[in-house]
Amino acid sequence: MKISMDIELKDIPGQLVLALKPVSDFGGNILSVLHQREKKTPSGKIPVQVVLEIAETATAERRLEGLVEELKKQGVNVVRVGKERLRESVVVLLIGHIVHTDLRETIDKIDRTGFAEVVALTLSMPGVNKKSSASVTVSAVGREELKAALKILEATADGKGIAVVSPI
Amino acid sequence: MKRKNETVRISIIGFGYVGSGVAEVVTRKRAEIARKHGLDLKIVGVADLRGVVVDEDGLSAKTLRKLSAGERGVGSWKEAAAEGLTSLDLIKEVEHEVVVEATPTNVETGEPGLTHIISALEAGRHVVTSNKGPLALEYRRLTELAARRGRELRFEAAVGGAMPLISLVRQNLAGNGVISLRGILNGTCNYILTRMAEEGLPYEHVLKEAKELGIAETDPSKDVEGTDTAVKLVILANSVFERNATYKDVAVAGITEITTDALRLASEAGFVIKLIGEVNKEGFLRVAPRLVPKADPLNVGGTLNVAKVKTDLAGEITVIGKGAGPIEAASAVLSDIIWTAKHF
Ligand SMILES: NC(=O)c1ccc[n+]([C@@H]2O[C@H](COP(=O)([O-])OP(=O)(O)OC[C@H]3O[C@@H](n4cnc5c(N)ncnc54)[C@H](OP(=O)(O)O)[C@@H]3O)[C@@H](O)[C@H]2O)c1
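Residues numbered from 1 in each chain as written. Chains lettered and ligands numbered in written order. Predicted model: local features only at pLDDT ≥ 70, side-chain atom pairs only at ≥ 80, totals over all residues. Heavy atoms only, no water.

Okay, the overall build of chain B next. The number of helices and strands found in chain B is 13 helices and twelve strands. With the principal axes as the frame, chain B shows a C-alpha extent of 60 × 45 × 40 Å. The buried share among the 344 residues of chain B stands at 53%. Across chain B, every contact between residues at least 6 apart in sequence was considered, and the portion connecting residues at least 24 apart equals 70%. About 15100 Å² of surface is accessible on chain B, with carbon and sulfur atoms providing 49% of the total. Computed over 44 positive and 45 negative side-chain charges, the inter-centroid distance for chain B is 5 Å. (Helix = DSSP H or I, 4+ residues; strand = E, 2+ residues; numbered from the N terminus. Buried < 20%, exposed > 50% of the residue type's maximum accessible area, 1.4 Å probe, protein only. Contact = heavy atoms within 4.5 Å. Areas by Shrake-Rupley, 256 points an atom, 1.4 Å probe, with all protein chains shown as cover. Lys, Arg positive; Asp, Glu negative; His and termini not counted. Charge placed at Lys NZ, Arg CZ, Asp CG, Glu CD.)

Here you go:
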């Protein structure tokens with residue numbers, strides 16, 4: 001189970017390490033950390049977005065609750081625990097020799113980020129040696145992550161001579 | 001109270017579709033412009049490769065019609081043309097106020113338009129042009145020259161044809177900070193993508209059809225490869241965003257890769273594909289096929305052009321109009337002539 005969590009840290013050194021340590025104690029695996037130092041809250045805290053993975057066992061929910069409790073105990077402000085993890089989505093089109101150039105690899109690159117995934121894909125192949133077209137839906141935990149995922153997609157496509165049509 | 005009309009003498013350099021369109025609208029609107037604006041517009045000379053025709057009292061409607069692009073009769077030019085007179089002689093030697101420059105666009109050298117515009121400004125004449133080349137290459141040099149000479153250089157017709165865009169931003173939205181500008185600036189590409197999407201026809205087929213209808217030129221590469229849109233973006237970047245951009249600053253992709261499958265997939269996801277030119281105040285310039293939500297104001301069909309201006313005070317403003325056509329381009333030229341005459 002992938003979880004995204006918005007937390008707020010005091011602006012003093014060592015806070016991030018302190019906040020991330022309990023994750024492994026509760027059987028979680030950190031996938032990405034977005035430390036938004038420039039976006040301080042009115043009370044002077046630093047917002048951090050953590051995406052983590054917890055093994056899907058019967059105790060997963062309980063371990064997650066335990067983790068949140070532990071963080072609060074340590075003075076970390078837990079603002080949001082995301083069940084609906086992928087909140088931002090975008091559709092892009094790819095045109096070119098998509099299959100020959102290994103579409104799988106392009107998708108894997110995005111899925112491996114931990115903060116974004118290819119959630120839908122429609123492929124249209126008119127015939128051998130003809131250019132195919134695909135519509136790809138990418139979802140991510142937030143707006144910035146979505147932009148980052150699109151950059152990856154564009155760079156990979158560019159390297160393979162595939163045209164990307166992205167939304168305005 | 002009746003006041004005397006002010007005479008505005010005009011020369012037209014490049015008497016093709018746009019040039020003769022200007023002659024036609026000036027003739028057709030003459031009485032109305034005199035009544036509404038107190039201006040008496042007079043065309044005192046026209047020039048193109050066939051020759052130069054001058055009448056300091058104003059060429060008659062009949063003569064202008066005979067010389068116009070519709071009737072490519074060389075005979076009437078031979079008869080009327082002043083022996084040995086060149087376009088530059090007309091610009092420099094014949095007394096008049098406004099030079100309309102409407103020769104073909106050349107984005108490599110800017111010529112012959114560049115020399116025409118420089119000579120006109122140096123001779124103390126205002127310039128109204130539909131020619132993109134000189135503006136895309138030497139925008140700063142030309143505007144500085146115009147400022148030094150205290151003369152006006154206007155070019156509404158060069159970007160977006162009939163669609164008021166430059167004056168919209170500079171005059172109507174004066175005081176606003178412009179954040180970005182994006183739109184469809186090439187009617188040929190819009191026609192092709194619209195037809196492909198609506199009829200499910202392949203690119204080559206629709207391109208052929210567009211050529212037959214006279215919507216695409218015999219060599220459509222400047223349009224379909226995005227060059228024309230890029231050149232217009234450069235002019236917008238320089239005039240609206242006060243940058244010193246050139247064609248090399250634009251990331252350009254055209255529409256030649258777009259497939260009917262891609263258009264269908266886009267439609268299923270709620271989008272159309274349009275060739276969008278985009279420029280913002282950070283100096284980012286890009287031409288690329290983009291997904292436009294079907295309900296977005298930028299989704300206009302056929303050969304229409306559209307531009308969405310994002311500003312800090314007025315928010316978003318969208319204009320839609322015909323980007324090409326001799327009378328449409330002449331509409332923008334005429335409006336620039338009237339503005340100039342009333343402000344100087
Ligand atoms: N057509 C449109 O809808 C439209 C819209 C907006 C802007 N524009 C721009 O407006 C300009 C004119 O377009 P157009 O459609 O009217 O083109 P056009 O029909 O080809 O007209 C160009 C005219 O310029 C003449 N010419 C060429 N070299 C010349 C020179 N050295 N000195 C004097 N005249 C010269 C040509 O003479 P010959 O016929 O003897 O060769 C022709 O009469 C272009 O820069 C175009 O990009 C056009």
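Once that is clear, we can look at the layout of surface pockets. Roughly 880 Å³ of volume is contained in the second largest pocket. Put simply, the parts of the chain that give the lining of the second largest pocket at least two residues each are strand 5 (88–96) and helix 4 (143–159) of chain A together with strand 7 (178–184), strand 9 (271–280), strand 10 (285–293) and strand 11 (304–311) of chain B. Sorting elements by how many residues they give to the lining of the second largest pocket places helix 4 of chain A first, with six residues. Its residues assigned to classes, the lining of the second largest pocket comprises seven nonpolar, four polar and twelve charged. (1 Å grid on protein atoms, 1.4 Å probe; cavity = no way out; pocket = protein on both sides within 12 Å on 5 of 7 lines; lining within 4 Å. Points joined across faces, edges and corners; volume = space filled by probe spheres on them. Nonpolar A, V, L, I, M, F, W, Y, C, P; charged D, E, K, R; others polar.)

Another aspect to go through is the nonpolar core. Residues and elements named next belong to chain B. By size, the foremost hydrophobic cluster in this structure holds 76 residues, and its most contacted members are Leu 236, Ile 255 and Ile 273. Beyond its immediate sequence surroundings of up to four residues, Ile 255 is in contact with Cys 189, Ile 192, Leu 193, Tyr 203, Val 224 and Leu 275. Judged by nonpolar contacts, the second largest core, of 30 residues, contains Ala 157, Ala 329, Ala 330 and Ile 337. (Core = buried A, V, L, I, M, F, W, Y, C linked by side-chain atoms within 4.5 Å.)

This part covers the sheet that holds strand 4 (residues 98–101) of chain B. Residue and element names in this part refer to chain B. One open sheet accounts for six strands, arranged 3-2-1-4-5-6; its pairing is mixed. Here the strands that pair on one side only, and so sit at the sheet edges, are strand 3 (51–54) and strand 6 (153–154). Relative to strand 5 (residues 126–129), strand 4 is paired through four bridges, and the arrangement is parallel. Bridge pairing links Val 99 to Val 127 in strand 5. (Pairing = 2+ DSSP bridges.)

We now examine the interface of chain A and chain B. How big an interface is tends to be reported as the loss of accessible area on association of its parts. Chain A puts 15 residues into the contact, and the matching count from chain B is 22 residues. For the pair chain A and chain B, the summed buried surface comes to about 1500 Å²; carbon and sulfur atoms form 66% of the total. If you sort the residues of chain A by the area they bury against chain B, Leu 93, Val 165 and Ile 168 of chain A come out on top, with a joint share of 39%. For the pair chain A and chain B, the number of links is one salt bridge. One salt bridge in this structure joins Lys 131 of chain A and Glu 257 of chain B, with 3.2 Å as the shortest N-O distance. At the surface where chain A touches chain B, the tally comes to eight residue pairs in polar contact (both at pLDDT 80 or more). (Buried area = accessible area lost by both parts, 1.4 Å probe. Salt bridge = Lys/Arg side-chain N within 4 Å of Asp/Glu carboxyl O. Polar contact = N/O pair within 3.5 Å; in protein donor to acceptor, adjacent residues only side chain to side chain.)

Below, the discussion takes up unusual backbone geometry. Going from Glu 111 of chain B to Pro 112 of chain B, the amide bond is cis rather than trans, its omega being 5 degrees. Mapped onto the secondary structure, Pro 112 of chain B falls in the loop between strand 4 and helix 5 (113–122).

Turning next to the packing of aromatic side chains. Residue and element names in this part refer to chain B. Under the counting rule described, the total for this entry stands at one aromatic pair over all chains. Between Tyr 139 and Phe 155, the aromatic rings sit 5.9 Å apart at their centres with planes inclined by 90 degrees, giving edge-to-face as the arrangement. Of the two residues, Tyr 139 is situated in helix 6 (residues 132–149) and Phe 155 in the loop between strand 6 and helix 7 (166–172); the sequence distance between them amounts to 16 residues. Neither Tyr 139 nor Phe 155 differs from the other in exposure class; each is buried. (Phe/Tyr/Trp six-rings, centres within 6.5 Å; stacked < 30°, edge-to-face > 60°.)

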